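# Report on the structure
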Amino acid sequence: MTIHQLTIGQLATALANREISSTAATAAIFARIEAGKKINAYITLDREGALAAAAAADQRLAAGGAPPLCGVPIAIKDALCTKGLLTTSGSKMLANFVPSYDATVVEKLRAAGAVIVGKATMDEFAMGSTNENTTFAVPLNPWNLDYICGGSSGGSAAAVAADQCMAALGSDTGGSIRQPASHCGVVGFKPTYGRVSRYGLLAFASSLDQVGPLTKNVRDAALMLNVICGHDPRDSTSVRRGTPDFVVACEQGLQQGLTGLRLGLPREYFELGLDPEVQQVVAAAVERLVAGGAEICEISLPRTAYGVAAYYVIAAAEASSNLARYDGVRFGHRDLAADELEAMYSRSRSQGFGSEVKRRIIIGTYALSSGYYDAYYRKASQIRTLIIEDYRRALAQCDVIVSPVTPTLAWPLGAKGDPLSIYQTDILTIPTNLAGLPGMSLPCGFSRGGLPIGLQLQAGHFREDLLLRVAANLEKSLGLTDFKGSPKNK
Amino acid sequence: MHIDPEEVIKVARLARLELAPDEIADLATELSRILRYVDKLREIDTTGVDPLYHALPLVNALREDEVLASLPRQEALANAPLASAEAFVVPRIL
């Protein structure tokens with residue numbers, strides 16, 4: 001096994017035993033990125049900063065007792081502010097934006113000794129499910145370069161799948177970590193809303209956005225969660241609540257096995273006309289869970305079909321407000337030729353935003369505008385209440401909800417042009433965000449054509465431990481190493 | 001729900017967006033379709049249902065009213081497309 005293929009856990013052991021230096025591991029990752037440049041996983045690389053961080057990590061490692069992420073090369077979604085390093089959010093609007101501060105999660109990673117390799121490609125302002133909505137080069141699926149890698153954290157997922165980093169951070173507003181993780185065959189974890197600080201995350205929809213890791217295996221996700229979770233006074237929605245040791249949760253979960261756990265299969269998810277290959281692979285994973293001792297029960301989430309509609313009102317409404325800050329004054333693109341204030345605002349915004357972002361700003365502005373507020377925004381927020389009630393009832397009957405991540409396989413680049421049909425593919429991941437629950441995507445197999453298929457797990461608020469327990473056991477049972485393999489093209 | 005181009009122009013103005021004629025036409029068609037889809041929300045009776053704006057019960061996050069360090073002016077101005085030594089510069093408004 002070569003250096004770039006190592007998991008965080010494996011690399012951390014090799015680093016701690018001084019079998020390899022962080023400087024060498026970082027150099028290996030940059031060589032790997034260079035060799036796989038066509039995947040377009042990164043918007044910005046920071047070789048100099050990374051090698052300096054690696055050298056500092058090597059000193060810490062030599063002193064002994066360094067934390068588990070010390071010296072480990074990590075990619076950061078370009079929606080997270082990195083001090084002194086270009087942060088574009090995939091947009092022409094921020095093509096020159098260099099933050100003067102680090103996002104809290106970035107600060108925490110640096111403090112833990114992580115080596116930040118660069119900024120991963122994403123859909124513009126995290127609005128998209130294919131990563132085709134970007135002003136930069138579109139990232140490709142490492143398993144088949146003609147296919148989408150998913151979005152909006154597409155670069156993060158592609159970078160992990162292609163071994164161009166050991167792990168990555170993404171953000172998930174309606175599935176933006178779990179869906180690309182599923183399409184790229186990696187682990188994606190969206191924590192409970194409020195577990196992770198959003199300070200320094202360029203806001204899309206504040207009541208839904210949550211930062212989380214994309215990793216090569218379940219234990220690595222737990223390692224990342226241990227570092228990024230925790231209360232942050234700079235984010236008023238960050239919860240004042242202790243963070244359990246998620247690695248311990250994984251290990252205990254493996255010891256406990258699955259006996260006594262009740263897994264719920266939502267009837268409505270399976271009535272959606274799933275791709276037969278997705279259905280088969282998910283059914284096989286469920287059989288393994290049963291063989292491992294879990295009990296299966298059918299549950300009902302009756303308002304599932306309304307989640308997408310509610311989401312596209314709520315997320316667009318919040319986006320229209322959040323993106324009002326891009327006015328060409330303090331940062332971002334400006335039409336310098338405009339000599340009148342209002343024209344300067346509207347021309348700067350029209351030139352800086354891409355078409356999907358404009359579409360959502362218009363939907364959101366419409367939904368919040370006088371005369372339509374009750375019919376759209378208020379109505380969608382009431383449906384949100386009902387969706388949470390559905391979950392509450394379902395989670396009284398089961399511990400973890402098991403389902404596909406997406407109803408379909410990844411599709412060929414450019415194959416879906418119609419926004420509405422793309423929105424509808426997020427039907428299985430959106431409700432998690434509306435309810436603020438933790439959710440994860442775990443690789444569980446492949447289509448006959450060689451595209452990865454993920455399994456989604458959801459649990460009650462702050463029950464990440466249950467997700468890790470199920471995932472760690474399933475991963476072990478599947479022998480995930482068979483699946484990770486090497487994408488032919490990566 | 002049908003959205004005509006005039007409506008798109010009106011909403012774009014509220015959002016401070018200046019759209020090209022082809023963008024307006026496309027958005028009118030797409031928004032009509034999207035809103036027709038969203039109209040399925042009306043199938044659910046929500047009489048007496050409280051709207052929910054956050055998934056977790058939130059309380060005000062308060063801290064002591066202490067002065068903390070703020071961003072140095074030069075750093076705050078560093079990303080401005082147009083700035084003087086001490087301020088953001090915008091087109092004349094008076």
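Look a little higher up for the structure.
A few points on the structure. Everything quoted here is computed from the prediction, not taken from an experiment.

## Thoughts on the overall build of chain B
Scanning chain B from N- to C-terminus turns up 3 helices and 0 strands. Secondary structure of chain B in N-to-C order comes out as α-α-α. Taken over C-alpha atoms, the radius of gyration comes to 22 Å for chain B, far larger than the 12 Å a tight globule of 94 residues would show. Along the three orthogonal principal directions, the C-alpha set of chain B runs to about 55 × 45 × 25 Å. Sorting the 94 residues of chain B into buried and exposed places 31% on the buried side. Long-range contacts, defined as pairs at least 24 residues apart, comprise 31% of the intrachain contacts of chain B with a sequence gap of at least 6. Entry remark: accessible area of chain B is about 6,700 Å², with carbon and sulfur atoms responsible for 55%. Both charge centroids of chain B, one from 10 positive and one from 17 negative side chains, sit 4 Å from each other.

## Description of the interface of chain B and chain A
Contacts between chain B and chain A engage 50 residues on the former and 71 residues on the latter. Both faces considered, chain B and chain A share a buried interface measuring about 5,400 Å² in area, 66% of it formed by carbon and sulfur atoms. Of all residues in chain B, the largest losses of buried area upon contact with chain A belong to B:Tyr37, B:Leu41 and B:Asn79, amounting jointly to 12% of the total for that side. The interface formed by chain B and chain A contains 6 salt bridges. For the interface between chain B and chain A, the tally reads 21 residue pairs in polar contact (both at pLDDT 80 or more). The set of elements that each furnish at least two residues to the side of chain B that touches chain A consists of helix 1 (5–14) and helix 2 (21–38) of chain B. Residue contributions to the side of chain B that touches chain A peak at 9 residues, all from helix 2 of chain B. Taken together, the residues that form the side of chain B that touches chain A break down as 34 nonpolar, 3 polar and 13 charged.

## A closer look at the packing of helix 4 (residues 104–111) of chain A against helix 7 (residues 218–228) of chain A
Residues and elements named next belong to chain A. Running from N to C, helix 4 and helix 7 point in directions that differ by 110°, and their axes come no closer than 9 Å. Taken together, the axis directions place helix 4 and helix 7 in an arrangement best described as roughly perpendicular. Listed contacts from helix 7 to Val105, Lys108 and Leu109 of helix 4 are Met224, Val227 and Ile228. Split by residue class, the contact of helix 4 with helix 7 holds 5 nonpolar, no polar and 1 charged.

## Some remarks on the packing of aromatic side chains
Working definition: an aromatic ring pair is given by the centre-to-centre distance plus the angle between the planes. What the rule picks out here adds up to 14 aromatic pairs over all chains. With a centroid separation of 5.3 Å and 40° between ring planes, the pair formed by A:Tyr101 and A:Tyr199 is classed as tilted. Remark: A:Tyr199 occurs in the loop between strand 7 (187–190) and strand 8 (210–215) and A:Tyr101 occurs in the loop between strand 2 (73–77) and helix 4; sequence separation between them is 98 residues. On the basis of relative accessible area, A:Tyr101 is assigned to the partly exposed category, the value being 29%. Among the aromatic residues, those joined into a cluster by ring pairs are A:Phe97, A:Phe125, A:Tyr326, A:Phe331 and A:Phe353. Sitting over the face of the ring of A:Phe462, A:Arg241 holds its NZ or CZ atom 3.9 Å from the ring centroid. Against the face of A:Tyr306 rests B:Lys40, its NZ or CZ located 5.4 Å from the ring centre.

## Topic: the pattern of salt bridges
Taken as a whole and judged by the stated rule, the model has 27 salt bridges over all chains. Ionic pairing is found between A:Asp235 and A:Arg198, a salt bridge with its closest N-O pair at 3.5 Å. On the criterion of sequence distance, the pair formed by A:Asp235 in the loop between helix 7 and helix 8 (246–256) and A:Arg198 in the loop between strand 7 and strand 8 is long-range, its members being 37 residues apart. Judged by relative accessible area, which is 6%, A:Asp235 ranks as buried. Salt bridges here are not isolated pairs; linked through shared partners, they connect A:Glu356, A:Arg359, A:Arg360 and B:Glu30.

## Quick look at the side chain of A:Ser320
Structurally, A:Ser320 can be placed in helix 11 (residues 304–322). Not counting residues within four places of it along the chain, the set of residues in contact with A:Ser320 comprises A:Ile361, A:Gly364, A:Thr365 and A:Leu368.

## Examining the environment of A:Arg469
Residues and elements named next belong to chain A. By the secondary structure assignment, Arg469 is in helix 17 (residues 464–478). Note: C-alpha distance between Arg469 and Thr13 (456 residues apart in sequence) is 23 Å. Discounting residues that sit within four places of it in the chain, Arg469 has contacts with Gly253, Gln256, Gly257, Leu258, Thr259 and Leu261. Only 3.4 Å separates the side chain of Arg469 from the side chain of Gln256, close enough to count as a polar contact. Here Gly257 takes part through its backbone oxygen, which lies 2.8 Å from a polar atom of the side chain of Arg469.

## Quick word on a nonpolar patch on the surface
On the surface, A:Leu336, B:Leu82 and B:Val89 cluster together into a nonpolar patch covering about 240 Å² of accessible area. Structurally, B:Val89 is set in the segment after helix 3 (73–77). Residue class for B:Val89 comes out partly exposed when judged on its relative accessible area of 30%.

## So, helix 1 (residues 8–16) of chain A
Residue and element names in this part refer to chain A. Buried residues of helix 1: Ile8, Gly9, Leu11, Ala12, Ala14 and Leu15, and no others. Looking at the buried positions of helix 1, the neighbouring elements they touch are helix 2 (22–35), helix 3 (47–63), strand 2, strand 6 (167–172) and helix 7. Downstream of helix 1 by one or two residues, Arg18 has phi in the positive range, about 60°.

## Here we look at the state of the cysteines
Residues and elements named next belong to chain A. Taken as a whole, this structure holds 0 disulfides over all chains when the rule is applied. Cysteine Cys184 remains unbridged, with the sulfur of Cys149 as its closest cysteine sulfur at 5.0 Å. For Cys229, which is in no disulfide, the shortest distance to another cysteine sulfur is to Cys250 and amounts to 13 Å. With a relative accessible area of 5%, Cys229 lands in the buried category.

Calculation rules
Residues numbered from 1 in each chain as written. Chains lettered and ligands numbered in written order. Predicted model: local features only at pLDDT ≥ 70, side-chain atom pairs only at ≥ 80, totals over all residues. Heavy atoms only, no water. Helix = DSSP H or I, 4+ residues; strand = E, 2+ residues; numbered from the N terminus. Rg over C-alpha atoms; globule rule 2.2 N^0.38 Å. Buried < 20%, exposed > 50% of the residue type's maximum accessible area, 1.4 Å probe, protein only. Contact = heavy atoms within 4.5 Å. Areas by Shrake-Rupley, 256 points an atom, 1.4 Å probe, with all protein chains shown as cover. Lys, Arg positive; Asp, Glu negative; His and termini not counted. Charge placed at Lys NZ, Arg CZ, Asp CG, Glu CD. Buried area = accessible area lost by both parts, 1.4 Å probe. Salt bridge = Lys/Arg side-chain N within 4 Å of Asp/Glu carboxyl O. Polar contact = N/O pair within 3.5 Å; in protein donor to acceptor, adjacent residues only side chain to side chain. Nonpolar A, V, L, I, M, F, W, Y, C, P; charged D, E, K, R; others polar. Axes fitted to C-alpha atoms, helices over the stretch in contact; angles between N-to-C directions. Parallel < 35°, antiparallel > 145°, perpendicular 65-115°, else oblique. Phe/Tyr/Trp six-rings, centres within 6.5 Å; stacked < 30°, edge-to-face > 60°. Lys NZ or Arg CZ within 6 Å of the ring centre and 35° of its normal. Patch = residues over 30% accessible without salt bridge, like charges linked within 9 Å, V, L, I, M, F, W, Y side chains within 5 Å. Disulfide = S-S within 2.5 Å.

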